[in-house]
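The primary structure of each chain is shown beneath.
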Amino acid sequence: MKLRDELRGIVPQDLLSLVPSGFDIIGSRSGAVAIIEIPNELDKFKYEIAKAIIKNSRNVKAVLRRIGPRSGEFRLYSYERLIGEVTEVIHVESGVRLMLDPTKVFFSPRDQYDRLDLASRVKDNEVIAYLFAGIAPYAFIILKRKPTVRLIYAVEINPEAIRYAEVNVRLNKVRGKVVPVEYDASLFCEKMRNSFHRVIMTLPLGAHQYLPNAINCVMDEGIVNFYHIGPEEEPFRDAEEIVMKHCSNMSVNCRIINERIVREYAPRVYKVRVDFEVNKR
């Protein structure tokens, strides 16, 4: 049953259209957290909305209301807890198990198909730098699809995310393949120049500030997977211009080899991925 149908008779008819048509569920059959955005006009009905979610989603044990955009040093959302106390869950995706608490780390289940697409493009024996990794979901999906990858450094400054990444290394039995590193991305790349076949930059807002670091980090003919946002009319234009500007400033030749719309980020705005090869010779 749709959430709006469940709330008919509880939420006034003139406000019913404001009830969100969907929400994110993070977790699995053993327990999950629902994350929903509720407009201010429905503030007095927020607990009824949470109860309706629980009623129609048997595995959901807690409901969080997302408030505002990602912010702060660790780029996290703020939440209002509506129902439930326990928000630590194990999320199952594409045969991978990911332990996390969405109130402490960032994770989006909506990026599932992008993780699979990127994993399909990774080659044997690659050594990868995965910047802004969070709990490192891309690393585990890559190794599930391409176990011949040599090594993935998952670089993140949030200590809680690193702690969960280390737990997930054990859960997915990839010790020695994924190395969580609590470190600033720019400093990491400065120490590891020309060391990687691939650099993954999954942060859509802000990753462009680290593009020179990523270009330094990747070896000759290496690949950078760069994430950004763009308007519906020309979703890749800004990302392409940023890539080419940085490459020109650094006197390296860059060739865009693939572009992908990851998902809608905001109304008429998309999160996109631009994959480009760096030639340093």
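These numbers were taken from a predicted model, which means no experiment stands behind them. (Residues numbered from 1 in each chain as written. Predicted model: local features only at pLDDT ≥ 70, side-chain atom pairs only at ≥ 80, totals over all residues. Heavy atoms only, no water.)

Chemist: Can you help me understand the sheet that holds strand S1 (residues 24-28) in this one?
Modeler: Through backbone hydrogen bonds, the strands of a sheet pair up, either in parallel or in antiparallel fashion. The sheet built from four strands is open, its strands ordered S1-S2-S3-S4 with mixed pairing. Edge positions in the sheet fall to S1 and strand S4 (76-83), since each has one partner strand and no second. This sheet shows a mean twist of 30° between the axes of neighbouring strands, independent of strand direction. Two elements, strand S3 (residues 60-71) and S4, share six bridges in a ladder whose sense is antiparallel. Bridge assignment links Val 63 to a residue of S4, and that residue is Ile 83. (Pairing = 2+ DSSP bridges. Helix = DSSP H or I, 4+ residues; strand = E, 2+ residues; numbered from the N terminus. Axes fitted to C-alpha atoms, helices over the stretch in contact; angles between N-to-C directions.)

Chemist: When you look at the sheet that holds strand S7 (residues 127-131) in this model, what are you seeing that I'm missing?
Modeler: With respect to topology, seven strands assemble into an open sheet ordered S9-S8-S7-S10-S11-S13-S12, the strand pairing being mixed. Taken across any chain shown, the strands that pair with only one partner, and hence form the sheet edges, are strand S9 (178-182) and strand S12 (253-266). Neighbour to neighbour, the strand axes of the sheet diverge by 15° on average, direction disregarded. For strand S10 (residues 196-201) and strand S11 (residues 218-231), the ladder comprises five bridges, and the chain directions are parallel. Residue Met 201 lies in a different strand from S11, and its bridge partner there is Phe 226.

Chemist: Looking at this structure, how should I read the packing of aromatic side chains?
Modeler: For any pair of aromatic rings, the description rests on two quantities: the centre-to-centre distance and the angle between the ring planes. According to the stated counting rule, one finds eight aromatic pairs in the structure shown. Measuring from centroid to centroid gives 6.0 Å for Tyr 130 and Tyr 138, while their planes differ by 75°, and the two rings are edge-to-face. With a relative accessible area of 1%, Tyr 130 lands in the buried category. For Tyr 138, a relative accessible area of 2% gives the class buried. Linked through ring pairs, Tyr 77, Tyr 79 and Phe 106 together constitute an aromatic cluster. For Arg 70, the ring lying beneath its charged end belongs to Phe 106, and the centroid distance is 3.5 Å. A cation over a ring is seen here: Arg 115 above Tyr 138, with NZ or CZ 5.4 Å from the ring centre. (Phe/Tyr/Trp six-rings, centres within 6.5 Å; stacked < 30°, edge-to-face > 60°. Buried < 20%, exposed > 50% of the residue type's maximum accessible area, 1.4 Å probe, protein only. Lys NZ or Arg CZ within 6 Å of the ring centre and 35° of its normal.)

Chemist: Please explain the packing of helix H3 (residues 112-121) against helix H4 (residues 137-145) as it appears in this structure.
Modeler: If you want to describe how two helices pack, look at the angle between their axes and the distance between the axes. Put simply, H3 and H4 touch, their axes get as near as 9 Å, and they point 50° apart. Viewed along their axes, H3 and H4 adopt a mutual orientation that is oblique. Where H3 crosses over H4, the handedness of that crossing is right-handed. Counted together, Asp 114, Arg 115, Leu 116, Leu 118 and Ala 119 of H3 and Pro 137, Tyr 138, Ile 141, Ile 142 and Arg 145 of H4 form the full contact between these two elements. Of the residues that constitute the contact of H3 with H4, the class distribution is seven nonpolar, no polar and three charged. (Parallel < 35°, antiparallel > 145°, perpendicular 65-115°, else oblique. Left-handed = near helix turned anticlockwise from the far one by under 90°. Contact = heavy atoms within 4.5 Å. Nonpolar A, V, L, I, M, F, W, Y, C, P; charged D, E, K, R; others polar.)

Chemist: What's the story with the pairing of S12 in this structure? I'm lost.
Modeler: A regular strand carries its side chains on alternate faces of the sheet. Pairing analysis gives 11 bridges linking S12 to strand S13 (residues 269-279), with the strands arranged antiparallel. Counted as the bridge partner of Ala 266 is Val 269 from S13. As consecutive antiparallel partners, S12 and S13 are separated by two residues, and within that stretch Arg 268 has a phi angle of approximately 65°, a positive value.

Chemist: I'm lost on helix H8 (residues 237-249) in this one. Help?
Modeler: Along an α-helix, residues three or four apart share an orientation, since each turn contains 3.6 residues. The end-to-end C-alpha distance of H8 is 18 Å, a good match for the 18 Å that 13 residues give at a rise of 1.5 Å each. Within the sequence span of H8, burial applies to Ala 239, Ile 242, Val 243, His 246 and Cys 247. Axial view of H8: buried residues confined to an arc of 125°, hence all on one face. For H8, the exposed residues set more than 90 degrees away from the buried face come down to Lys 245, Ser 248 and Asn 249. On its buried face, H8 sits against helix H7 (211-217), S11, S12 and S13. Immediately beyond the C-terminal end of H8, within one or two residues, lies Ser 251, with a positive phi of roughly 60°. (Expected span 1.5 Å × (residues − 1). Arc of directions from axis to C-beta.)

Chemist: What exactly am I supposed to notice about the state of the cysteines here?
Modeler: Each disulfide consists of a covalent bond between the sulfur atoms of two cysteine residues. Tallied over the entire structure, the rule returns one disulfide. Between the sulfur atoms of Cys 247 and its disulfide mate Cys 254 the distance is 2.0 Å. Sign of the S-S torsion, about -85° for the bond between Cys 247 and Cys 254, identifies this disulfide as left-handed. Exposure class is identical for Cys 247 and Cys 254. Each is buried. Distance from the sulfur of Cys 189, which forms no disulfide, to the nearest cysteine sulfur (Cys 217) is 3.1 Å. (Disulfide = S-S within 2.5 Å.)

Chemist: Help me understand the nonpolar core in this model?
Modeler: Tyr 130, Ala 136, Phe 140, Ile 142, Ile 152 and Val 178 are the most contacted members of the largest nonpolar core, which has 39 residues in total. No other element matches the six residues that H4 contributes to this core. Contact partners of Ala 136, with chain neighbours within four places excluded, come to Tyr 130, Ala 154 and Ala 165. Formed by 34 residues, the second largest nonpolar core is a distinct cluster that contains Leu 151, Leu 211, Val 218 and Phe 236. (Core = buried A, V, L, I, M, F, W, Y, C linked by side-chain atoms within 4.5 Å.)

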